[in-house]
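The primary structure of each chain is shown beneath.
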Amino acid sequence: MQYSREFIEDLAFLYMTLAAHADGKLNNAEKEAIRLVLNVWSDGYIDHEMDDLLHFAKRATDKCDEEGTLGQEIVRIITRLSTILSRGKLKIIINDLLGVAKIDGEIHRNEEALIRTAADAWGFKVRGEAFHSLSKNEPAQQLSYRSLASGRRVLALAS
């Protein structure tokens, strides 16, 4: 299924908020994780526009943060996604958010709060061990998609 540009922009905003604003830092691993996730959701149809999309998402999240409307925008996006996606697709977004949050080796409490907000709104319970932070001595993780026997691709941290 091919999703609209607006849908992809909403996802970019959600992932960028998690990566850049929850802990106040945006590193290259997080940007690449967001790029990977968005490429899968978009079926690659915006691959050539990805840099522009990531810049747009960063500028939009920064502007909302400065205006004090970041939380309202996240609630709007979470609500909108719940009206257009199946529970299975919403669960994939939760898993993707967890993957992006873990990419730098730790999960900040604001990252956890954003993920729990989305999960609660969509009727999911995220177990505490899903947020278990990696040891500070462990290197940042690699995020990649792996294919299941069903043909579905899932986001996973490389071991």
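Draft legend 1. The arrangement of the overall build of the protein in detail. Helices and strands together make up the secondary structure of the protein, namely 6 helices and 2 strands. Scored against the burial criterion, the 159 residues of the protein give a buried share of 43%. A separation of at least 24 residues holds for 70% of the contacts in the protein among residues at least 6 apart in sequence. When the accessible surface of the protein is totalled, it reaches about 8,600 Å², and 48% of it is carbon and sulfur.

Draft legend 2. The confidence of the model for the protein, seen in detail. Of all residues in the protein, 79% have pLDDT values of 70 or greater, and the mean over the chain is 82. Here strand β2 (residues 153-157) stands out as the element of the protein with the lowest mean pLDDT, 46, in contrast to helix α4 (residues 70-84), whose mean of 95 is the highest. Across residues 133-146 the pLDDT falls below 50, and counting only partners more than four positions away or on other chains, this stretch makes 41 contacts in the model. Confidence drops under a pLDDT of 50 for residues 152-159, and excluding neighbours within four residues, the segment shows 31 contacts in the predicted structure.

Draft legend 3. Region of interest: the side chain of Asp-10. As for its placement among the helices and strands, Asp-10 is situated in helix α1 (residues 5-21). For Asp-10, a relative accessible area of 5% translates into the label buried. Leaving out residues up to four positions away in the same chain, Asp-10 has contacts with Arg-76, Ile-77 and Arg-80.

Draft legend 4. Summary view of the packing of helix α5 (residues 87-102) against helix α6 (residues 109-121). At their nearest, the axes of α5 and α6 sit 10 Å apart, and the two run at 175° to each other. As the angle between them shows, α5 and α6 are arranged roughly antiparallel. Counting all contacts with α5, which are made through Ile-94, Leu-97, Leu-98 and Ala-101, the residues of α6 involved are Glu-111, Leu-114, Ile-115, Ala-118 and Ala-119. In terms of residue class, the contact of α5 with α6 is made up of 8 nonpolar, no polar and 1 charged.

Draft legend 5. Broad picture of the packing of α1 against α5. Here α1 crosses α5 at 35°, and the two axes come no closer than 9 Å. Relative to α5, the crossing made by α1 is right-handed. Here α1 contributes Leu-11, Leu-14, Tyr-15, Leu-18 and Ala-19 to the contact with α5, which in turn contributes Ile-93, Asp-96, Leu-97, Val-100 and Ala-101. Class assignment for the residues of the contact of α1 with α5 results in 9 nonpolar, no polar and 1 charged.

Draft legend 6. Local environment of the packing of aromatic side chains. This structure, assessed with the given rule, holds 3 aromatic pairs. Ring geometry for Tyr-3 and Phe-7: centres 4.3 Å apart, planes at 25°, overall stacked. Neither residue differs from the other here; Tyr-3 and Phe-7 are each classed as buried. In textbook terms, an aromatic cluster arises when at least three aromatic residues are bridged by ring pairs, as seen for Tyr-3, Phe-7 and Trp-41.

Draft legend 7. Structural context of the nonpolar core. Tyr-15, Leu-38, Trp-41, Leu-81, Ile-93, Ile-94 and Trp-122 are the most contacted members of the largest nonpolar core, which totals 48 residues. For this core, the elements supplying multiple residues, two or more each, are α1, α2 (28-41), α3 (50-67), α4, α5 and α6. Ranked by the residues each element gives to this core, the list is headed by α1, at 11 residues.

Conventions used here
Residues numbered from 1 in each chain as written. Predicted model: local features only at pLDDT ≥ 70, side-chain atom pairs only at ≥ 80, totals over all residues. Heavy atoms only, no water. Helix = DSSP H or I, 4+ residues; strand = E, 2+ residues; numbered from the N terminus. Buried < 20%, exposed > 50% of the residue type's maximum accessible area, 1.4 Å probe, protein only. Contact = heavy atoms within 4.5 Å. Areas by Shrake-Rupley, 256 points an atom, 1.4 Å probe, with all protein chains shown as cover. pLDDT = per-residue confidence, 0-100. Axes fitted to C-alpha atoms, helices over the stretch in contact; angles between N-to-C directions. Parallel < 35°, antiparallel > 145°, perpendicular 65-115°, else oblique. Nonpolar A, V, L, I, M, F, W, Y, C, P; charged D, E, K, R; others polar. Left-handed = near helix turned anticlockwise from the far one by under 90°. Phe/Tyr/Trp six-rings, centres within 6.5 Å; stacked < 30°, edge-to-face > 60°. Core = buried A, V, L, I, M, F, W, Y, C linked by side-chain atoms within 4.5 Å.

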